[in-house]
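Chain and residue survey
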Amino acid sequence: MSDFYQNGVNQHVWETEVARFGIDIWMTTEAIASGGRVCQSFLGAKIHNPKDPAADLSAMLTHVMGALFALMEQHEGLWSRQEGSQPVPLIGFPYEVGVEPVHVNVERMVSHYRQGLTDLEPIWRQILADDTFTQLRDLQRTSVADCHIPDELWVQVVYDAATAHRKRIIRRDHLLKALTPLYLGRTASFVHATQGLTSTEAEQKIEALCHTFERMKPYLVERWQPPVLQPVAPALLHHTSTDTGGAHE
Amino acid sequence: MNEFINQALLGPLALLGHQVLAVLPNVLAMGIILLGGLFTAWAFGSFAERLFRIIRFDHFCDRLGMNAALLRGGVKTDPSRIIGRSIYWTVIMLASIAALGALNLTPINQFAQSLLAYVPHLVTAVVILLAGYFLSNFVSQAVLIAAVNAGLPPARLIAACSRWGIQVLAGAMALEQLGIAQHIVVVGFGITWGGIVLAGAIAFGLGAADTAKEFLQRRLMGRSKSSTGDDLHHW
């Protein structure tokens, strides 16, 4: 662990924006990529400061997605040849964490998403594949309640954005900020889909989304530039949907 | 009669012949300079283009996002080619001016010198226009995204205003640099820009006083009433 921390110190990551919003992604990815042994343990609910990071969603998205895409580029050789996943060893006992209800204005989220669809069309057309954009545009005609971005479409959006980020189709900070309305649209879909569900059922929805990401990985590899893919290596670690309680060590 | 023929006809012809003979070496020199300039321009242009391709300048520009920016601006030529052609035409222009100077005729010399003196202004104006174009694209895109993320309905209008504002400013600066109607451009631009700012200030003061008040309250006194009931902030 100290080696890992020291490595982070050497990379000056603790003084960057990554340490504010993208630290979870950075630590997990770097730990896996470094070849260290990774496990998970339930430490309780992760309480976010109400003023942070929701105070500025666009800035938060920029840092989190920027960190994620940068790490994808950095460890391209590692993830591009992986297939499948395997469970992460669990230390201690799993337990369900009670979460506080969150009030959200879904109409406003959908309104933001639709404004993005209209006003950011030229930018989204550059970032997204034609098929992805067409599917998103078809949602324009639905009512607020029916405006639902399915898992497969969302995965396509994220993979298209990652590819565009790598290829520098447009300025990277513009690309990341332009994803905000899309994220709000997807969040509204998630709220619709999980309204009235228990935490466990909501976790299952997230787990299903993770499997969709895994299943559609060939879509990303195909679009992600040319690197010659190596023979399949042993499966890496399997994600576990535990933002409410899981912590990596 | 012979004397008349010698003085009236052959005299001018002989004088013309002397003048032509006197200018001929200069014309020859001009031709040689032009041909040499053409060859040098071709050689320098091709060499520069190949050199930039060898050092993977296009790839470097691609990494910086310049190729995409050029494509967005309707330029489909790669950066190495653009540099090669720029060098070619620069050498051609310099060779033409040098060739005109070789004629050693006072009016042409003056014209060539004034043309040469104008070149820096021309280059500066082109640089200003190009910089203005790229800056306006960058700013309008940033403004558009920020306005959409802030949920402002006229996001496109705001972005278009920022784009045209910068392009008009760059155009005015370029015209001033070229010395074209300097005073009119400066005065016209000042009046237009001042008018826009004044109109914006009046419109904001009359139409958006409540919005400004709410914004300041939110900034200075914390969350406003409108944000209650929604735990997720959208901007």
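What counts, and where the lines are drawn
- Residues numbered from 1 in each chain as written.
- Chains lettered and ligands numbered in written order.
- Predicted model: local features only at pLDDT ≥ 70, side-chain atom pairs only at ≥ 80, totals over all residues.
- Helix = DSSP H or I, 4+ residues; strand = E, 2+ residues; numbered from the N terminus.
- Buried ≥ 20, exposed ≤ 12 C-beta atoms within 10 Å, placed from the backbone.
- Contact = placed C-beta atoms within 7 Å.
- Expected span 1.5 Å × (residues − 1).
- Axes fitted to C-alpha atoms, helices over the stretch in contact; angles between N-to-C directions.
- Parallel < 35°, antiparallel > 145°, perpendicular 65-115°, else oblique.
- Nonpolar A, V, L, I, M, F, W, Y, C, P; charged D, E, K, R; others polar.
- pLDDT = per-residue confidence, 0-100.
- Left-handed = near helix turned anticlockwise from the far one by under 90°.
- Core = buried A, V, L, I, M, F, W, Y, C linked by C-beta atoms within 7 Å.

So, about the overall build of chain B. The helix and strand inventory of chain B stands at eight helices and zero strands. Within chain B, buried positions represent 13% of all 235 residues. Counting contacts in chain B only where the partners sit at least 6 residues apart, residues at least 24 apart contribute 64% of the total.

Moving on, we get to the overall build of chain A. Helix and strand counts for chain A stand at 13 helices and five strands. Relative to its full complement of 249 residues, chain A shows a buried share of 27%. Here the analysis covers contacts within chain A between residues at least 6 apart in sequence; of these, 88% occur between residues at least 24 apart.

Moving on to helix 8 (residues 209–221) of chain B. Taking 1.5 Å of rise per residue, 13 residues should cover 18 Å, and helix 8 of chain B covers 17 Å from first to last C-alpha, within 8% of that figure. Little of helix 8 of chain B is tucked away: zero of the 13 residues are buried.

Turning next to the packing of helix 5 (residues 106–149) of chain B against helix 6 (residues 155–178) of chain B. Residue and element names in this part refer to chain B. Put simply, helix 5 and helix 6 touch, their axes get as near as 8 Å, and they point 170 degrees apart. Taken together, the axes of helix 5 and helix 6 are roughly antiparallel relative to one another. The residue inventory of the contact of helix 5 with helix 6, partitioned by class, reads 21 nonpolar, eight polar and two charged.

Trans is the common state for peptide bonds, and a negative phi is the common state for residues other than glycine. Of note in the backbone geometry, Arg168(A) takes a positive phi value of approximately 50 degrees without being a glycine. Mapped onto the secondary structure, Arg168(A) falls in the loop between helix 9 (151–167) and helix 10 (172–177). In this structure Arg168(A) comes out as partly exposed when scored by C-beta crowding, with 16 C-beta atoms within 10 Å. Unusually for a residue other than glycine, Arg56(B) sits at a positive phi of about 60 degrees. Following the sequence through the fold, Arg56(B) ends up in the loop between helix 1 (2–54) and helix 2 (57–64).

Residue and element names in this part refer to chain A. For chain A, the mean per-residue pLDDT works out to 79, and 77% of the residues sit at or above 70. Within chain A, no element has a lower average pLDDT than strand 5 (residues 246–248), which sits at 38, and none a higher one than helix 9, at 93. Here residues 227–249 is modelled with pLDDT under 50, and outside its nearest four sequence neighbours on either side it reaches 59 contacts, counting other chains as well.

A few words on the packing of helix 1 of chain B against helix 4 (residues 79–102) of chain B. All names here are of chain B. Packing of helix 1 against helix 4 brings their axes to within 8 Å, and their N-to-C directions diverge by 165 degrees. In terms of orientation, helix 1 and helix 4 fall into the roughly antiparallel class. Along this stretch, helix 1 crosses helix 4, giving a crossing that reads as right-handed. When the residues that make up the contact of helix 1 with helix 4 are grouped by side-chain class, the tally is 18 nonpolar, eight polar and four charged.

Below, the discussion takes up the nonpolar core. If you look at the biggest cluster of nonpolar residues, it comprises 41 residues, and the most contacted ones within it are Ile127(A), Val157(A), Ala161(A), Leu175(A), Ala178(A), Leu179(A) and Ala188(A). If you list the elements that add at least two residues to this core, you get helix 4 (57–74), helix 6 (106–119), helix 7 (121–127), helix 9, helix 10 and helix 11 (180–194) of chain A together with helix 5 and helix 6 of chain B. The next biggest cluster of nonpolar side chains, apart from the first, holds six residues, and it includes Ala125(B), Ile166(B), Ala174(B) and Leu175(B).

Residue and element names in this part refer to chain B. When pLDDT is averaged along chain B, the result is 83; 91% of the residues meet or exceed 70. When mean pLDDT is taken per element in chain B, helix 6 scores highest with 89 and helix 3 (residues 66–72) scores lowest with 72. Low pLDDT, under 50, characterises residues 224–228; the stretch is placed with three contacts to residues that sit more than four places away or in other chains. Note on the complex model: pTM 0.69, ipTM 0.78.

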